[in-house]
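Below, each chain spelled out in residue letters.
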Amino acid sequence: MSFSYDQLKHTKISDLREIAADLDHEAVQGYTQLRKDQLVKALCTALGIEAHEHHEVKGLNKSAIKKQIRELKVQRDAALVKHDHKELKVIRRKIHRLKRSLHRATV
């Protein structure tokens, strides 16, 4: 049976140990003494699964938003030099909103 990292991460330790018992791989040797996070990493190695989650941005053009953020950072630096605190606050809020939109769209 094939597993994903997310499935292994949310499986009980007793079930993980049963999976490890069926495998004959050096990464899971001593599986009875491993903690859950160690066992999940060992199982990922033994099963050939990438041991991290992939996050994707859905519904947005990530590169365009990052380009806007870079442009706003240049404007922010200019506002800092001019000591224009009102403009600085507006730019920082725009940057914050763009970053939050990226975080919300990340799956």
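Heads up: the structure comes first, above all this text.
None of the values given here were measured: they were computed from a predicted structure.

A. Just the pattern of salt bridges, in detail. This structure, assessed with the given rule, holds three salt bridges. Across the pair Arg35 and Asp37 runs a salt bridge whose closest N-O atoms are separated by 3.8 Å. A relative accessible area of 54% means that Arg35 is categorised as exposed. Asp37 gets classed as partly exposed once you look at its relative accessible area, which sits at 44%. A salt bridge links Lys58 to Glu56; the nearest nitrogen and oxygen atoms lie 3.5 Å apart. For Glu56, a relative accessible area of 46% corresponds to the partly exposed category.

B. Molecular detail of the packing of helix 4 (residues 62-82) against helix 5 (residues 85-105). Running from amino to carboxyl end, helix 4 crosses helix 5 at an angle of 160 degrees, the nearest separation of the two axes being 9 Å. One way to sum up the angle between helix 4 and helix 5 is to call them roughly antiparallel. Relative to helix 5, the crossing made by helix 4 is left-handed. In this structure, helix 4 uses Lys62, Ile65, Lys66, Gln68, Ile69, Leu72, Lys73, Gln75, Arg76, Ala79 and Leu80 to contact helix 5, whose residues at the interface are Glu87, Leu88, Ile91, Arg92, Lys94, Ile95, Leu98, Lys99, Ser101 and Leu102. Residue composition of the contact of helix 4 with helix 5, by class: 10 nonpolar, three polar and eight charged.

So, how was this worked out
- All residue numbers refer to position in the chain's written sequence, counted from 1.
- Residue-level local features of this predicted model are given only where pLDDT is at least 70; pairs of side-chain atoms are given and counted only at 80 or more, and the full residue set underlies all totals for whole chains, interfaces and linings.
- Side-chain measures here rest on the full set of heavy atoms in the structure, leaving out hydrogens and waters.
- One side-chain nitrogen of Lys or Arg within 4 Å of one carboxyl oxygen of Asp or Glu is enough to make a salt bridge.
- Type-normalised accessible area, obtained with a 1.4 Å probe on protein chains alone, sets the label of each residue: buried when under 20%, exposed when over 50%, and partly exposed for intermediate values.
- All axes are obtained by fitting lines to C-alpha atoms, using only the stretch in contact for helices, and the reported angles, taken between N-to-C directions, cover 0 to 180 degrees.
- A run of H or I in DSSP becomes a helix once it reaches four residues, and a run of E becomes a strand once it reaches two; helices and strands are each numbered from the N terminus.
- Angles are sorted into four bins: roughly parallel if under 35 degrees, roughly antiparallel if over 145, roughly perpendicular if 65 to 115, and oblique for all others.
- Each crossing gets its handedness from the near helix: less than a right angle anticlockwise from the far helix is left-handed, clockwise is right-handed.
- By the convention used here, residues are in contact when the closest approach between their heavy atoms is within 4.5 Å.
- Three residue categories are used. Nonpolar comprises Ala, Val, Leu, Ile, Met, Phe, Trp, Tyr, Cys and Pro, charged comprises Asp, Glu, Lys and Arg, and polar comprises the others, including Gly.

The analysis is restricted to geometry; functional conclusions fall outside its scope.
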